[in-house]
Amino acid sequence: MSSNPTDVPGDGGPPVSRREFDALFEAVRTWGRWAPSDRGAWNRVTADHVRRAGALVRSGTVVPLGRPWDTVSGPDNSKPALHYMSDLGDVEAPEPSTHKDFIGADYHGKGVSHLDALSHIAYRGQLYGGGTARELVGAGGARFGAVSALGPLVTRGVLLDLPAVLGKPWLEPGQAVRAADVLAAEAALGVRIGEGDAVLLRVGRFRRRRELGAWNPDAAGAGFHVDAMPLLAERGIALLGSDGDNDVRPSPVEGVRSPVHALAVTAMGVPLLDNLDLEALSSGAAGAGRHAFLFVVAPLNIPGGTGSPVNPVAVL
């Protein structure tokens, strides 16, 4: 762990060997803990969690966290989303005229705000729970861990606003957020992560993008180092999200491109939210003087889907 949360390695953080990573995977694994197992850590969220989260609403301000549907190609959007008009009022009977459009997206990338279901990530050939990925995910979709098994999630959200804690507009690409940084953020923001929470990490990606331009976040991006995951596992989180893709890049684990994805989804059963726009929430939380709020995410009901585009909301 870093002893100083302002320590910025900028290169993905301290390296972790494959043996160390595999030991960490076993340490945070929750296989066999819940039924139904393909809801994973969402099983932690009970009706009591929902009631307590609802009691956090003060102003009633609703803050959407999804990015605009991005149809423009760029270094961080190699597979742009699709949007085109399919009816301009000239297809059906003249009155009333109708206007229709089509949308589509290869959303597991860096351009679309989306949720990763438990079928999205396998490690050592296994999905969460130990099933064989080759047997459970095929051309027809996923037979285990599909997004349709999750349903909507309503719980307490916690914003870890690292740039605000450090007095910076954003974290530079490659900066690792470590366990000590999470603890320091909790202390500075007056919040503590608890069981069933949705934890959202702001690194300031989209503010940096707006001010400096787009870059390739697959090559360098701020995010969690793997040494933060035991702390989040101990706290019993239900969901993890970020304005990046949660993983620091480059990866600190040789041979494992997305180690936080493997630990969260495959070991812990924690779905991920990638590419959220957390700038408005950062301002709203700072203005309200609190970084815990009612959080709602409702993925599309896609049988066999490995995830879903989403537009989650925080209610302050």
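Source: prediction; values computed, not measured.

1. Some words on the nonpolar core
Thinking step 1. Ranked by size, the top nonpolar core spans 50 residues in total, and within it Phe21, Leu160, Phe224 and Leu240 carry the most contacts.
Thinking step 2. Looking at this core, the element that brings in the most residues is helix H8 (residues 259–268), giving 7 residues.
Thinking step 3. Not counting residues within four places of it along the chain, the set of residues in contact with leucine 240 comprises Val199, Phe224, Met229, Leu232, Asn246, Val260, Val270, Pro271, Leu272 and Leu273.
Thinking step 4. Counting residues in each nonpolar core, the second largest holds 25 residues, with Leu115, Leu239, Phe293 and Phe295 among its members.

2. A short note on unusual backbone geometry
Thinking step 1. A cis amide bond, omega -10°, links glutamate 95 with the succeeding residue proline 96.
Thinking step 2. Mapping proline 96 onto the fold places it in the loop between strand E2 (82–88) and strand E3 (99–104).
Thinking step 3. Following arginine 249, the chain continues to proline 250 via a peptide bond in cis, the omega torsion being 10°.
Thinking step 4. Here proline 250 lies in the loop between strand E11 (239–242) and H8.
Thinking step 5. Phi is positive for asparagine 246, which is not a glycine, with a value near 80°.
Thinking step 6. Turning to its location among the elements, asparagine 246 is positioned in the loop between E11 and H8.
Thinking step 7. Even without a glycine there, the phi angle at asparagine 275 is positive, about 65°.

3. Comments concerning the confidence of the model for the protein chain
Thinking step 1. Residues with a pLDDT of 70 or more make up 97% of the protein chain, whose mean pLDDT is 95.
Thinking step 2. A low-confidence stretch, residues 1–9 stays under pLDDT 50, and its non-local contacts, those more than four residues away or across chains, total 15 contacts.

4. Here we look at the packing of aromatic side chains
The geometry of an aromatic ring pair comes down to the distance between the two centres and the angle between the two planes.
Thinking step 1. Scanning the entire structure with this criterion turns up 4 aromatic pairs.
Thinking step 2. Ring geometry for phenylalanine 25 against tyrosine 123: centres 5.2 Å apart, planes inclined by 40°, an arrangement best described as tilted. Taken together, the positions of phenylalanine 25 in helix H1 (residues 18–28) and tyrosine 123 in the loop between strand E4 (114–116) and helix H3 (133–136) put the pair 98 residues apart, joining distant regions of the chain. For the pair shown, phenylalanine 25 and tyrosine 123 are each scored as buried.
Thinking step 3. Taken together, Phe21, Phe25, Trp31 and Tyr123 form an aromatic cluster joined through their ring pairs.
Thinking step 4. Above the ring of phenylalanine 25, the side-chain terminus of arginine 124 is found at 4.9 Å from the ring centroid.
Thinking step 5. When the ring centre of tryptophan 215 is taken as origin, the NZ or CZ atom of arginine 208, which lies over that ring, is 4.7 Å away.

5. Brief notes about the sheet that holds E11
Thinking step 1. The 9 strands lie next to each other as E1-E15-E13-E7-E9-E11-E12-E4-E14, forming an open sheet whose pairing is mixed. Looking along the sheet, the strands with just one partner apiece sit at the ends: strand E1 (62–64) and strand E14 (307–309). Strand-to-strand, the axes of this sheet are offset by a mean angle of 25°, without reference to chain direction.
Thinking step 2. Here strand E9 (residues 198–202) runs beside E11; their pairing, made up of 4 bridges, is parallel. Across the sheet, the residue bridging to leucine 201 is serine 242, located in E11.
Thinking step 3. Taken strand by strand, helix H2 (residues 47–54) contacts strand E7 (153–161) and strand E13 (292–297), and its axis lies near 55° from that of E7.
Thinking step 4. The sheet contacts of helix H9 (residues 279–288) involve E1, E7, E9, E13 and strand E15 (313–315), and relative to E7 the element is tilted by about 85°.

6. Looking at the environment of glycine 89
Thinking step 1. As for its placement among the helices and strands, glycine 89 is situated in the loop between E2 and E3.
Thinking step 2. Given a relative accessible area of 24%, glycine 89 falls into the partly exposed group.
Thinking step 3. Sequence separation of glycine 89 and histidine 99 is 10 residues, and the distance between their C-alpha atoms is 5.3 Å.
Thinking step 4. Discounting residues that sit within four places of it in the chain, glycine 89 has contacts with Ser97, Thr98 and His99.

7. Comments concerning the pairing of E9
Thinking step 1. Of all 5 residues in E9, 5 are buried, a share of seventy percent or more.
Thinking step 2. Across the two faces of E9 the burial is the same, with Ala198, Leu200 and Arg202 and Val199 and Leu201 all buried.
Thinking step 3. As paired elements, E7 and E9 share 5 bridges and run parallel to each other. When the sheet's bridge partners are listed, aspartate 161 is paired in E9 with arginine 202.

8. Considering H8
Thinking step 1. Among the 10 residues of H8, 10 are classified as buried, and the element is accordingly described as predominantly covered.
Thinking step 2. All buried positions along H8 are accounted for by Pro259, Val260, His261, Ala262, Leu263, Ala264, Val265, Thr266, Ala267 and Met268.
Thinking step 3. Against the buried residues of H8 lie H1, E4, strand E10 (223–224), helix H7 (229–235), E11 and strand E12 (272–274).
Thinking step 4. Among the residues trailing H8, glycine 269 stands out with phi positive, at a value near 70°.

The rules we used
- Residues numbered from 1 in each chain as written.
- Predicted model: local features only at pLDDT ≥ 70, side-chain atom pairs only at ≥ 80, totals over all residues.
- Heavy atoms only, no water.
- Core = buried A, V, L, I, M, F, W, Y, C linked by side-chain atoms within 4.5 Å.
- Buried < 20%, exposed > 50% of the residue type's maximum accessible area, 1.4 Å probe, protein only.
- Helix = DSSP H or I, 4+ residues; strand = E, 2+ residues; numbered from the N terminus.
- Contact = heavy atoms within 4.5 Å.
- pLDDT = per-residue confidence, 0-100.
- Phe/Tyr/Trp six-rings, centres within 6.5 Å; stacked < 30°, edge-to-face > 60°.
- Lys NZ or Arg CZ within 6 Å of the ring centre and 35° of its normal.
- Pairing = 2+ DSSP bridges.
- Axes fitted to C-alpha atoms, helices over the stretch in contact; angles between N-to-C directions.

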